[in-house]
Amino acid sequence: MDTQSVDALTKHEQILRHIESLKLGSRISVRKIAKNMEVSEGTAYRAIKEAENQGLVSTKERIGTVRVEKKLRQNIDKLTFAEVVNMVDGQVLGGSRGLHKTLHKFVIGAMEQDAMMRYIEAGSLLIVGNRNEAHSCALEYGAGVLITGGFDTSAEVKLLADKLELPIISSSYDTFTVASMINRAIYDRLIKKKIMLVEDILASGASLYALKANSTLKDWQRLSEDTGYSRFPVVDEWNRIIGVVTSKDMVGASASQTVDKLMTRNPLTVTPQTSVASAAHMMVWEGIELLPVVDTNRKMVGVLNRSDVLKAMQYIQKQPQNGETFEDLIWSGLEEVRDEKGSLQFHGVITPQMTNHLGTVSEGVLTTLMTQAAYRIVQEFKKGDLVMDNMSTYFLRPLQIDSKIEIRPTIIEVSRKFGKIDVEIYHAGALVSKAMLTAQVI
């Protein structure tokens, strides 16, 4: 597809491209953008907020909005010093030009200074109290400093921070609270990192093939021969998705027939930030092979086909699991066992974390346990991921803390794309919960 000319871009998109072309560290203001681009301040403001959402600019205390380097997804497990400032309600005492830098570890300065320096290296964050010598030494080692207890530091240390462009931050929280907050944030990023998004599998710089509304059967045939594909998105003169056309749509069409009379209008689309699992579920559920990827203005930025999604799902299954979600923690205490017939069961105990304020097991926890048991028994018969369609719970009886339970899933039916599973939970030989689940197999 031909590259769009500037004339074909909206004012909003022209401003975004202008911001992207600015040098890192350039200051940006609504008034300046509005004057340079000859737009209203409202249009400039909306474009700057969109650029902030995309990670192109950042608003820094006492500096304003500046152009920053867009962080790559593979670095999502790393925090920036600017994020630490927001996290701990901190105040930047110096080195504000280094707020965009990332940190890979933090060191708690609860030891003698000589011993402390053995653990500090470039890109780390020293969490310490009002110890000025430790502050300056950490900066010289290439580390940022977070001062707890709301203390200040000397003017010399602030000047050194500005010179080295390494932030020195003050927070009113104590050291333990600050360390816990940062650790939780890093842990959350590890969980986010294993969630693959559509933007992760879109081929960078790949050619985009599409037809126009006035394209004919001959145009479709020519494009199909050139690419080897038979399905194409249909776009208007602004590169916005208006339909999808497949080989089935072209059957019986005359040579001069335009695709706007044959295409499927208002097709399903996804954005680059949609998870691959959601895209896969959409394709399986709707029975479609082609899924256009659009930006916030519904302009096409890529195309997903089913093979792209399935390859990505297989890749995800091979990756190590970093971080644990609540679902992982709930399931971690259960043991996989076999009965005398070889049927798969799961045994465990109701822990205090699984209960509600009344001391009985939460209904949500029981639902999670039954869902996970269903997924695991289906994976014995068919490799792949499941996406829940429906769950009918017949009854849930209250279970106390420390109750020993047995989860007995039974497959009713599993086909190439569909699964139906019955799940029962027993305590002391009595049935306490029962549900029927149906799911799509990806």
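Rules behind the numbers
- Residues numbered from 1 in each chain as written.
- Predicted model: local features only at pLDDT ≥ 70, side-chain atom pairs only at ≥ 80, totals over all residues.
- Heavy atoms only, no water.
- Helix = DSSP H or I, 4+ residues; strand = E, 2+ residues; numbered from the N terminus.
- Contact = heavy atoms within 4.5 Å.
- Pairing = 2+ DSSP bridges.
- Axes fitted to C-alpha atoms, helices over the stretch in contact; angles between N-to-C directions.
- Buried < 20%, exposed > 50% of the residue type's maximum accessible area, 1.4 Å probe, protein only.
- Arc of directions from axis to C-beta.

Summarise the overall build of the chain; cite the residues concerned and give the values.
From N to C terminus, the chain includes 15 helices and 22 strands. Of all intrachain contacts in the chain linking residues separated by at least 6 positions in sequence, the fraction that spans at least 24 positions is 55%.

Describe the sheet that holds strand E9 (residues 144-147), listing the residues and the values that go with them.
The 5 strands are arranged E5-E10-E9-E8-E7 in an open sheet whose pairing can be described as mixed. Each of the sheet's edge strands pairs with one partner strand only, and the pair in question is strand E5 (91-94) and strand E7 (105-108). Shown here is a sheet whose adjacent strand axes are inclined to one another by a mean of 25°, direction ignored. In this structure, E9 lies alongside strand E10 (residues 168-170), joined through 3 bridges in parallel fashion.

Residues and numbers for the pairing of strand E20 (residues 404-414), please.
With 4 bridges joining them, strand E18 (residues 344-349) and E20 adopt antiparallel strand pairing. Bridged to Phe346 within E20 is Ile407. Bridging between E20 and strand E21 (residues 418-427) involves 8 bridges; their strand directions are antiparallel. Across the sheet, the residue bridging to Thr410 is Asp422, located in E21.

How would you sum up unusual backbone geometry? Please name residues and give values.
Here the phi dihedral of Asn239 falls at roughly 70°; this positive angle occurs in a residue that is not glycine. Positionally, Asn239 belongs in the loop between strand E12 (232-235) and strand E13 (241-245). With a relative accessible area of 9%, Asn239 lands in the buried category. Even without glycine at this site, Asp402 takes up a positive phi of about 75°. In this structure, Asp402 sits in the loop between strand E19 (386-396) and E20. The exposure class assigned to Asp402 is exposed, which follows from its relative accessible area of 55%.

How would you summarise the pairing of E18 if you had to cite specific residues and measurements?
Across 4 bridges, strand E17 (residues 335-338) lies against E18 in antiparallel orientation. Pairing of Glu335 across the sheet is with His347, part of E18. Between E17 and E18, which pair antiparallel and follow one another directly, the connecting turn spans 5 residues, one of which, Gly342, has a positive phi of 85°.

Talk me through helix H10 (residues 217-227); I want residue IDs and the actual numbers.
Every buried residue of H10 is accounted for by Leu217, Trp220, Leu223, Ser224 and Thr227. Axial view of H10: buried residues confined to an arc of 130°, hence all on one face. Exposed residues pointing more than 90 degrees away from the buried face of H10 are listed as Lys218, Glu225 and Asp226. Immediately downstream of H10, the backbone of Gly228 shows phi near 85°, a positive value.

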